[in-house]
Amino acid sequence: MKTIRLFLMVLVLGVVCIASAFSGLAQSKSLPIDSLASAVSHNLLLVRQVYGQLYSSSILNTNGSKTFWNQPYNPNGVPKESDLVAMVVTNPFAFMIARPSNDWVNVWINYQSAEGYQLFYASEGFQLTQSNGVWQVPASASTNLQNWIGYYEPIAEKNAIGAHLNLRDANENLLQNIYLQVDWNYNTHVGTILNQTTYLGQHGEMVVTYGQFDQYGNMTNSYDVAFALDEDKGGAVLVPANVKAGFTPSWDGLITVLQPPVVALTNVPSKNHIGTSPLVEITLTNAMTVYFSANTTEGETANGFTVKLLQSGVDLPVVPYVIPQGASSLGVTLPAGVYHIDYSWPQLAPAQVLPYWYYGGGGKG
């Protein structure tokens, strides 16, 4: 039976932290979303807990082992890299490993906010090395332990109820919408936007939806504010264009306005006598004889029509007329007024509208 040798190791790891200028939290004017540096500066203010953890597949939990530590931290508005480095260095790991020449060791350092959001993390894997018969952690394990900003950057915004990113190309074309999680606090009316740090500094904007509330706490309205994502824009509010416009809708395809006395509806689109004959509107400023005719792109001619006088407050009935066989038009004397004309055809018919289930393969109607 082979004897398993136990080795007591002490691991002391330094931490490299990204330094940046510190800026206060802003609401509704600018957000720390435009660069890595601004996000780091913002997240450092939120660090409240730091913990470390070490693991190996053959680690032995015995008296004297220390593979986890947890320490509170309060930056007091001035978070220092030296504080965070010292916190890790003064909390060494002590552990025993049964297979020091074979098994991999992993170490993690995590920095969290008071709400439990992971703000920064560092991790490194290594194998022990032996020097003069003593097992030890390689020096590279400490120098390789680089800090990374967490996947989320929590941004507390008063009355923020929603948020999303608009990513754009150099020509301002929209590439992607990314909707962000917003954790809402009903008591304080603060929404914590979990910005995804992958997109820091990219071209586009973050759009934050803010709620407006009455004295009872009920939301009565909401509005959006766009903040610049671009590097070095400072997360500034984008000033939107304020536009007023009026629009005149087109009734082409449904209503055709023609000028009397010759009311010829020509080239109605059709294929195999399938098509749509639009309503015709005419206005007579005085009594006159109007000549009505119509044809399709296939050469079919209308064989009749109805005439309806539009009179305010009264829905008058339509008056039918037949175009004699062999004739292409018919003249009708009408008084002044506005009229709707609906042509009839010997063969032209609208395309069949099938029941909804037909399009799913359920069968024909």
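Residues numbered from 1 in each chain as written. Predicted model: local features only at pLDDT ≥ 70, side-chain atom pairs only at ≥ 80, totals over all residues. Heavy atoms only, no water.

S.K.: Could you clarify how one ought to interpret the layout of surface pockets in this entry?
M.R.: Over the atoms a probe the size of a water molecule is rolled, and this reveals where empty space is left. Approximately 250 Å³ is the volume attributed to the largest pocket. Put simply, the parts of the chain that give the lining of the largest pocket at least two residues each are strand E11 (152–158) and strand E15 (190–196). For the lining of the largest pocket, the element with the most residues is E11, which contributes 3 residues. Counted by class, the lining of the largest pocket contains 8 nonpolar, 3 polar and 3 charged residues. (1 Å grid on protein atoms, 1.4 Å probe; cavity = no way out; pocket = protein on both sides within 12 Å on 5 of 7 lines; lining within 4 Å. Points joined across faces, edges and corners; volume = space filled by probe spheres on them. Helix = DSSP H or I, 4+ residues; strand = E, 2+ residues; numbered from the N terminus. Nonpolar A, V, L, I, M, F, W, Y, C, P; charged D, E, K, R; others polar.)

S.K.: Help me understand the sheet that holds strand E2 (residues 49–56) in this model?
M.R.: Either a parallel or an antiparallel arrangement is found when strands of a sheet pair, and the pairing is made through backbone hydrogen bonds. Overall, antiparallel pairing links the 5 strands, which are arranged E4-E2-E6-E7-E10 in an open sheet. Looking at the sheet topology across the chains shown, the edges are occupied by strand E4 (68–72) and strand E10 (147–149). When strand polarity is set aside, the average angle formed by the axes of neighbouring strands in this sheet is 15 degrees. Of the strands in this sheet, E2, E4 and strand E6 (105–112) are in contact with helix H2 (residues 81–89), which crosses E4 at around 145 degrees. (Pairing = 2+ DSSP bridges. Axes fitted to C-alpha atoms, helices over the stretch in contact; angles between N-to-C directions. Contact = heavy atoms within 4.5 Å.)

S.K.: Got a minute to help me understand the environment of Thr-276 in this structure?
M.R.: Note on placement: Thr-276 falls in the loop between strand E21 (274–275) and strand E22 (279–284). The spacing of Thr-276 and Ala-349 is 73 residues in sequence and 7.2 Å in space, taken between C-alpha atoms. Among all residues touching Thr-276, those that are not within four sequence positions of it are Val-268 and Pro-269.

S.K.: I would appreciate a short explanation of unusual backbone geometry in the present structure.
M.R.: For residues besides glycine, phi is generally negative; the peptide bonds are generally trans as well. In the segment running from Pro-260 into Pro-261, the intervening peptide bond is cis, with an omega of 15 degrees. A positive phi is found at His-189, a non-glycine position, where the angle reads about 60 degrees. Following the sequence through the fold, His-189 ends up in the loop between strand E14 (181–185) and E15. With a relative accessible area of 17%, His-189 lands in the buried category. Although it is not a glycine, Asn-272 sits at a positive phi angle of roughly 55 degrees. Here Asn-272 is to be found in the loop between strand E20 (270–271) and E21. Residue classification places Asn-272 among the exposed residues on the basis of a relative accessible area of 61%. (Buried < 20%, exposed > 50% of the residue type's maximum accessible area, 1.4 Å probe, protein only.)

S.K.: What should I look at first to understand the packing of aromatic side chains in this one?
M.R.: To describe a pair of aromatic rings, one takes the distance between the centres and the angle between the planes. Taken as a whole and judged by the stated rule, the model has 9 aromatic pairs. Aromatic pair Tyr-210 and Tyr-223: ring centres 5.6 Å apart, planes at 25 degrees, arrangement stacked. Of the two residues, Tyr-210 is situated in strand E16 (residues 204–213) and Tyr-223 in strand E17 (residues 219–228); the sequence distance between them amounts to 13 residues. Among the residues examined, Tyr-223 registers a relative accessible area of 38% and is labelled partly exposed. For the pair Phe-292 and Phe-305, a centre-to-centre distance of 4.6 Å together with 35 degrees between the ring planes defines the contact as tilted. (Phe/Tyr/Trp six-rings, centres within 6.5 Å; stacked < 30°, edge-to-face > 60°.)

S.K.: Got a minute to help me understand the pattern of salt bridges in this structure?
M.R.: Working definition: two side chains of opposite charge can pair if their charged atoms are close together. Tallying each qualifying case throughout the model produces 2 salt bridges. In this structure, Glu-205 and Arg-168 form a salt bridge, with 2.8 Å as the shortest nitrogen-oxygen distance. With Glu-205 in strand E16 and Arg-168 in strand E12 (residues 160–168), this residue pair connects regions lying 37 residues apart in the sequence. Overall, Glu-205 belongs to the buried group, its relative accessible area being 10%. Residue classification places Arg-168 among the partly exposed residues on the basis of a relative accessible area of 24%. Between Lys-308 and Asp-315 there is a salt bridge, with the nearest N and O atoms lying 2.6 Å from each other. For Lys-308, a relative accessible area of 22% gives the class partly exposed. (Salt bridge = Lys/Arg side-chain N within 4 Å of Asp/Glu carboxyl O.)

S.K.: Would you mind showing me how to read helix H1 (residues 36–44) here?
M.R.: An α-helical segment advances 3.6 residues per turn. Residues three or four places apart therefore align on the same side. Burial analysis of H1 places 7 of its 9 residues in the buried class, the great majority of the element. All of the buried residues along H1 are Ser-38, Ala-39, Val-40, Ser-41, His-42, Asn-43 and Leu-44. As for H1, its buried residues are in contact with H2, strand E7 (118–126), E10 and E11.

S.K.: Whenever I open this one, the pairing of E2 confuses me. Can you help?
M.R.: Residues in a regular strand project their side chains so that they alternate between the two faces of the sheet. Pairing of E2 with E4, which is carried by 5 bridges, proceeds in the antiparallel orientation. Note on E4: the bridge partner recorded for Gln-53 is Phe-68.

S.K.: I tried to follow the pairing of E6 on my own but got confused; where do I start?
M.R.: Inspection of the sheet shows E2 paired to E6 by 8 bridges, in the antiparallel sense. Paired with Gly-52 across the strands is Ile-109, a residue of E6. As defined by bridge partners, E6 adjoins E7 across 8 bridges and the pair is classed as antiparallel. Each residue of the ladder has a partner; that of Trp-108, found in E7, is Ser-123. Hairpin connection, E6 to E7: the antiparallel pair is bridged by 5 residues, and Gly-116 has positive phi, about 95 degrees.

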